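Summary of the model geometry
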Amino acid sequence: MLLVDSCPSEACDSGETVPLSVPLPVDSARWTISHHRPIELPKGAPDSPDIVKRFARDDIWVFSVSDGGLKAARWDGKRWLKTTPPLPEDLQIEDVTGTDSDDIWISGWSMRLGVPGDQTGPEGMLVHWNGDRWERIPVAANVINLAAVARNDVWALFDGEIMHWNGRTWAPASTPKVPMPDSLDGEDPGSLLRDITALSADDVWAVGAVTTYLCCDQRVYHREVVMHWDGHAWNLLDIGLRGLDLGQAIPDGHGGVWIATWHDGEPWAPIMIHYRGGRWSKSTLPRPNNSQKVQTTEIKLTDTGKVLVTGIAYTDTDFPTTVEFSLPS
């Protein structure tokens with residue numbers, strides 16, 4: 001289906017710009033550009049798994065998305081046991097989390113098409129594995145991000161709204177109001193939160209940005225949105241970041257959190273925000289040779305404890321290429 005952009009080109013050139021501001025000390029982390037080694041799995045594992053969850057040496061789950069939908073397999077120390085979650089074949093996986101091999105959550109979405117030219121999706125999907133079977137959990141959300149602490153303590157973003165699972169039901173969390181800049185003048189900033197990650201029962205982070213959609217894919221990031229759960233309440237933090245899109249957050253593996261972001265000015269600068277032990281800091285990822293711009297696309301903590309960032313590098317003459325940045329475990 002061909003989608004025609006009806007937005008006039010001159011409209012994309014208008015609107016306020018927000019100067020980049022990252023008033024944080026420089027982090028000592030030494031990021032390197034290198035392709036990570038493929039994850040070593042026991043013989044007979046599915047080819048090129050998309051997600052690997054290693055709960056123990058002899059307890060490994062792998063998930064793969066193919067034309068036949070999402071496939072899951074578990075290594076029990078002796079053999080691979082395959083299972084198929086009850087999800088549509090056109091599923092696009094969003095997130096996988098869990099506290100043990102008998103407590104796994106999968107979120108994703110599928111695109112359902114109505115009459116020709118009428119796009120009615122996407123439709124959010126959420127399923128849970130309890131050790132014996134997959135159960136599909138009805139939810140009213142299109143995009144779902146997950147962060148599990150315990151079987152009865154799971155946090156999630158349902159279309160940017162913080163929700164909590166108490167072991168029986170999902171319920172909205174009470175969150176602080178985010179101040180809107182006067183320049184918005186009543187405009188809808190869209191979804192404020194884009195990712196959520198949990199370090200412990202009293203240490204959960206949700207990140208995003210106050211955004212104005214100007215036109216097409218162009219947008220302005222007015223200020224960061226960082227919320228923290230301390231075990232009693234959600235608190236809004238103002239770190240003083242302006243002009244940045246806080247898109248993803250993960251534990252750093254040492255009691256802190258990494259937040260991947262980038263500046264959409266010239267050049268695109270991939271920036272990593274770090275919090276540990278009450279201290280905020282920043283580091284700029286190295287730019288590959290000959291590249292003019294780099295945009296981060298994914299950040300994850302591998303099952304071996306390595307922080308891995310994937311990005312797209314752009315040059316003036318060549319096609320965009322994928323580049324990876326990593327920190328040792």
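Located above this text is the structure these notes cover.
Everything numeric in this text was worked out from a predicted model, so none of it was measured.

Take the overall build of the protein chain next. A count of helical and extended segments in the protein chain gives zero helices and 24 strands. Counting the 329 residues in the protein chain, one finds 43% classified as buried. Surface summary for the protein chain: the accessible area is close to 17600 Å², and the carbon and sulfur share equals 48%.

Another point: the pattern of salt bridges. Following the criterion strictly, the structure yields seven salt bridges and no others. A salt bridge links Glu 224 to Arg 242; the nearest nitrogen and oxygen atoms lie 2.9 Å apart. Taken as a pair, Glu 224 in strand E16 (residues 218-229) and Arg 242 in the loop between strand E17 (234-237) and strand E18 (244-251) lie far apart in primary sequence, 18 residues in all. With relative accessibility at 0%, the residue Glu 224 sits in the buried group. Its relative accessible area of 24% is what places Arg 242 among the partly exposed residues. Arg 242 is the salt-bridge partner of Asp 238, the closest N and O atoms lying 3.6 Å from each other. Put simply, Glu 224, Asp 238 and Arg 242 are held in one network by salt bridges that share partners.

Now for the sheet that holds strand E6 (residues 92-100). Strand order in this open sheet of four strands is E6-E7-E8-E9, and the pairing throughout is antiparallel. Both outer strands of the open sheet, E6 and strand E9 (134-136), are each paired with one neighbouring strand and no more. Each strand of the sheet is rotated relative to its neighbour by a mean of 20°, with strand direction disregarded. By the bridge criterion, three bridges tie strand E8 (residues 123-129) to E9 in an arrangement that is antiparallel. Counterpart to His 128 in the pairing with E9 is Glu 135.

This paragraph deals with the sheet that holds strand E24 (residues 321-327). Here four strands make up an open sheet; going across it, the order is E1-E24-E23-E22 and the pairing antiparallel. If you trace the sheet from one side to the other, it starts and ends with strand E1 (32-33) and strand E22 (293-301), each paired once.

What follows concerns the packing of aromatic side chains. Tallied over the entire structure, the rule returns 16 aromatic pairs. Residues Trp 61 and Trp 134 carry aromatic rings whose centres are separated by 6.1 Å and whose planes lie at 85° to one another, so their mutual orientation is edge-to-face. Taken together, the positions of Trp 61 in strand E3 (residues 59-66) and Trp 134 in strand E9 put the pair 73 residues apart, joining distant regions of the chain. Each member of the pair, Trp 61 together with Trp 134, is buried. Note on Trp 229 and Trp 234: the rings are 6.0 Å apart at their centroids and 45° apart in plane angle, and the pair reads as tilted. In this structure Trp 229 comes out as buried when scored by relative accessible area, which is 16%. For Trp 234, a relative accessible area of 5% translates into the label buried. Each member of the aromatic cluster is reached from another via a ring pair, and the members are Trp 61, Phe 63, Trp 129 and Trp 134.

With that out of the way, let us pick up the pairing of E6. Inspection of the sheet shows E6 paired to strand E7 (residues 103-110) by seven bridges, in the antiparallel sense. Paired with Asp 95 across the two strands is Ser 107, which belongs to E7. The hairpin formed by E6 and E7 contains two residues between the paired strands.

Now for the pairing of strand E19 (residues 257-263). Of all seven residues in E19, seven are buried, a share of seventy percent or more. Burial along E19 is two-sided: the residues Val 257, Ile 259, Thr 261 and His 263 and Trp 258, Ala 260 and Trp 262 are all buried. By the bridge criterion, seven bridges tie E18 to E19 in an arrangement that is antiparallel. The partner of Ala 249 across the bridge, within E19, is Ile 259. As consecutive antiparallel partners, E18 and E19 are separated by five residues, and within that stretch Gly 253 has a phi angle of approximately 85°, a positive value.

So, on to unusual backbone geometry. Most peptide bonds take the trans configuration, and most residues that are not glycine carry a negative phi. Phi is positive for Asp 159, which is not a glycine, with a value near 50°. The class for Asp 159 is partly exposed, based on a relative accessible area of 37%.

What counts, and at which threshold
- Residues numbered from 1 in each chain as written.
- Predicted model: local features only at pLDDT ≥ 70, side-chain atom pairs only at ≥ 80, totals over all residues.
- Heavy atoms only, no water.
- Helix = DSSP H or I, 4+ residues; strand = E, 2+ residues; numbered from the N terminus.
- Buried < 20%, exposed > 50% of the residue type's maximum accessible area, 1.4 Å probe, protein only.
- Areas by Shrake-Rupley, 256 points an atom, 1.4 Å probe, with all protein chains shown as cover.
- Salt bridge = Lys/Arg side-chain N within 4 Å of Asp/Glu carboxyl O.
- Pairing = 2+ DSSP bridges.
- Axes fitted to C-alpha atoms, helices over the stretch in contact; angles between N-to-C directions.
- Phe/Tyr/Trp six-rings, centres within 6.5 Å; stacked < 30°, edge-to-face > 60°.

These values are about where atoms sit, not about what they do.
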